[in-house]
Amino acid sequence: MTSRSQARLGRSILLHLFLTPLALIWLFPLWMMVVFSTMPDNGIFSPGIELLPHDGFIDNFNNLQRDTNFVGAIGISVSVAVTYTVLSVLLTSMAGWALARYEFHGKGAVVAIIFGTITLPYAVVLIPQFIMVARDFALANTWIALIVPPLFNSLGVLFMRQAFSMMPAELFDAARVEGVKEWRIFLFVALPLARPMLAALAIILFLASWNNYLWPLLINSQPGAMTAPVALGTLIGLTKVSWGGIMAGAVMLTVPMLIVFVLLQRHFIAGIAAGAVK
Amino acid sequence: MRTQNATAYRFLTPYLLIFVVFWIWPIISSFLISFQATRTVPWRFAPAFNWGRLIGDPAFYNALKNTLLILVIQVPVMIALAIGMAVLLNSPLLKARGLYRFAFFAPVVVGEVAYSAVFRLMFSLDFGIVNKLLNSIGLPKVDWFSNVTPAMALIMIAVTWRWAGYNAIIILAGLQSIPEDVYEAATLDRVSKVKQFFHITLPLLKPVIVFCAVLSIIGTMQLFTEPFLITERGGPGGGTETLGLLLYRQGFRSLNFGYASAVAYTMAGLAIAITLVQLWLMREPK
């Protein structure tokens, strides 16, 4: 073996020696989430070290369902996340299309306002949004309250504007010459071409809605109207509560997303790398 | 191109309505509310009422101090870690790349409530796996929840775990956009890998790193769920109370909207200052 390939091998071994423990530490909380979700409470709160799953997941799930209607809350979370994702993708891609492909009065101002306010913290709008939705519109504890206000998110607009402006104009001009209406061009030419970007955006938006905590906590605090993270959050810190059950809930919130992540990693990473969320 | 006002606004208006009602108007409204005494009916205009109270409120300084402390320690550590993860994940020597990527990126999809619950359990005093492991290698147990320093450390550990991979994804994308031939020339000139990292990679990554830092600062500045759920409402004794938590307590527990708006606008002021610093750092060299 030459000294160069020996040096390469040495470096490769060092790299793995460093990265493997770090990766294990990083996976540890997720692994423990799964392990805890399968252990009875007297196992979780015992002095021994348990690092392997048991068989108590169903019992824990039943305990969770006894503590709060988690299945109902999951139903709300799924419906809200799906509706929000569809609406948000539609609204932001329409707006992104307008900003990318048309010249119109006020375009500069719209772009400037979106960019100029994008780094403002969400905390700033929390109180007026709450007053408006809960008091003025009297919509607290409804689906509308969960779905509509978060649609303001402008990152999708910028993301789709970018996607549409990278497409060659000839694609659309050809259709225009044939007299195709603008909304048909948008629906049947532009959107299909933007499919990878739409997928990335949809995944990121779905995840954001699925995991959203603060707004649903404030606006839908009644038991029958809670989303799954809020329902689970109410149990944390209670004294007479099944921790195995809480962990079963955490697994139900997390594992589906992990599977989606593994299957659609490319879109996920494209969405995050474009700064499409947060 | 001729102007196409009618067509353009047909596409733009649905989004714009929501954007104005739920984003632009609340930004203005919360500024106005911060100058009103909101615990009287009807609210009355009292410019110094909330801001005056804010300036003299020890709870505000405590929350501000905690928030800044978390920012100053957690963000640099996490960004450094994220750069390290990204550079190593990008190494051509790495085998089983997919597994490592999964390990570091998986926390990105984990919700705040789920991971807060797990961290709370993992770090509990007598039965937490972390203290058990510390004990098993001969170290003393740490009381993560009753003392301020470990509680702050716990919050920072949790946030770092959740967000390092997220930043690594962005930095990795930045790394992969650096053309190979930059390194080839350096390698021919026998520049060491370490020197290449500091003299080529880092300067070229600067825009991406600044972007990540700003996102992270603005995110961490609003930290709410972790001190709310992990350290139980900012415990021990307000030791981990953040501005986000103060806003929540004032706005939604005490229903003191005016004061909470003043807290919110303090966060906005910090965010604006940080954004200006970013723009200054990213300015085109003349």
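Residues numbered from 1 in each chain as written. Chains lettered and ligands numbered in written order. Predicted model: local features only at pLDDT ≥ 70, side-chain atom pairs only at ≥ 80, totals over all residues.

**Section: the overall build of chain B**
The criterion, for reference: Think of it this way: any DSSP run of H or I at least four residues long counts as a helix, any run of E at least two long counts as a strand, and we number them from the N terminus. For the purpose of contact definition, each residue receives a C-beta atom placed from its backbone, and two residues are in contact when these atoms lie within 7 Å.
Broken down by element type, chain B carries 12 helices and two strands. Along its sequence from the N terminus, chain B presents helices and strands in the succession α-β-β-α-α-α-α-α-α-α-α-α-α-α. Within chain B, residue pairs in contact and separated by at least 24 positions form 69% of the contacts whose partners lie at least 6 positions apart.

**Quick notes on the overall build of chain A**
The following threshold applies: Values of the radius of gyration come from C-alpha atoms, whereas the globule rule sets the reference at 2.2 Å times the count of residues to the power 0.38. Here a residue counts as buried when 20 or more other C-beta atoms sit within 10 Å of its C-beta, as exposed when there are 12 or fewer, and as partly exposed otherwise, the C-beta atoms being derived from the backbone.
For chain A, the count of helices and strands is 15 helices and zero strands. Against the compact-globule benchmark of 19 Å for 278 residues, chain A has a radius of gyration of 24 Å, which places it well outside the compact range. Across its three principal directions, the C-alpha atoms of chain A cover 75 × 75 × 35 Å. Looking at chain A as a whole, 44% of its 278 residues are labelled buried. Of the contacts formed within chain A by residues at least 6 apart in sequence, a portion of 73% connects residues at least 24 apart.

**Describing the interface of chain A and chain B**
What counts here: We call Asp, Glu, Lys and Arg charged. Ala, Val, Leu, Ile, Met, Phe, Trp, Tyr, Cys and Pro are nonpolar, and the rest, Gly among them, are polar.
Counting residues at the interface gives 72 residues for chain A and 78 residues for chain B. The dominant element in the side of chain A that touches chain B, judged by the number of residues it contributes, is helix 1 (residues 3-37) of chain A, at 13 residues. Of the residues that constitute the side of chain A that touches chain B, the class distribution is 54 nonpolar, 13 polar and five charged.

**Regarding the packing of helix 9 (residues 193-221) of chain B against helix 12 (residues 257-281) of chain B**
How two helices sit against one another is set out by the angle between their axes and by the gap between those axes. All names here are of chain B. For clarity, the threshold we go by: Working convention: axes come from line fits to C-alpha atoms, limited for helices to the stretch in contact. Angles between N-to-C directions cover 0 to 180 degrees. Angles are sorted into four bins: roughly parallel if under 35 degrees, roughly antiparallel if over 145, roughly perpendicular if 65 to 115, and oblique for all others.
Put simply, helix 9 and helix 12 touch, their axes get as near as 10 Å, and they point 175 degrees apart. It follows that helix 9 is roughly antiparallel to helix 12 by the angle criterion. Touching Val210, Val214, Ile217, Ile218 and Met221 of helix 9 are Met267, Leu270, Ala271, Ile274, Thr275, Gln278 and Leu281, all from helix 12. Considering only residue class, the contact of helix 9 with helix 12 consists of 10 nonpolar, two polar and no charged.

**Considerations on the packing of helix 1 of chain A against helix 14 (residues 243-263) of chain A**
All names here are of chain A. Operational definition: Here a crossing is taken to be left-handed if its near helix is turned anticlockwise relative to the far helix by less than a right angle, and right-handed if that turn runs clockwise.
Between helix 1 and helix 14, the shortest axis-to-axis distance is 7 Å and the interhelical angle comes to 130 degrees. The angle between helix 1 and helix 14 falls in the class oblique. Between helix 1 and helix 14 lies a crossing whose hand is left-handed. Across the interface between the two elements, Met33, Val34, Phe36 and Ser37 of helix 1 pack against Gly244, Met247, Ala248, Ala250, Val251 and Thr254 of helix 14. The residue makeup of the contact of helix 1 with helix 14, split by class, is seven nonpolar, three polar and no charged.

**A closer look at unusual backbone geometry**
All names here are of chain B. The linkage connecting Val41 with the following residue, Pro42, adopts the cis geometry, with an omega of -5 degrees. Tracing the backbone through its elements, the reader meets Pro42 in the loop between strand 1 (36-37) and strand 2 (44-45). A cis amide bond links Gly235 with the next residue in sequence, Pro236, at an omega value of -5 degrees.

**Section: the domain arrangement of chain A**
Residue and element names in this part refer to chain A. Selection criterion: Segmentation of the chain into domains, including their bounds, is taken from an automatic or database domain assignment.
Taken domain by domain, chain A holds domain 1 (3-59) and domain 2 (69-273). For domain 1 and domain 2, the distance between their C-alpha centres works out to 33 Å. Counting residues at the interface gives 10 residues for domain 1, matched by eight residues for domain 2. Elements supplying a minimum of two residues to the side of domain 1 that touches domain 2: helix 1 and helix 2 (41-44). Of the residues that constitute the side of domain 1 that touches domain 2, the class distribution is seven nonpolar, two polar and one charged.

**Examining the environment of A:Ser154**
All names here are of chain A. Its location among the elements puts Ser154 in the loop between helix 7 (143-147) and helix 8 (155-165). Residue class for Ser154 comes out partly exposed when judged on the 19 C-beta atoms lying within 10 Å of it. Between the alpha carbons of Ser154 and Ala95 there is a distance of 9.6 Å; along the sequence they are 59 residues apart.

**Regarding the environment of A:Phe61**
Position of A:Phe61 among the secondary structure elements: in helix 3 (residues 57-67). Considering only alpha carbons, one finds A:Phe61 and A:Gly249, 188 residues apart in sequence, at a separation of 7.2 Å.

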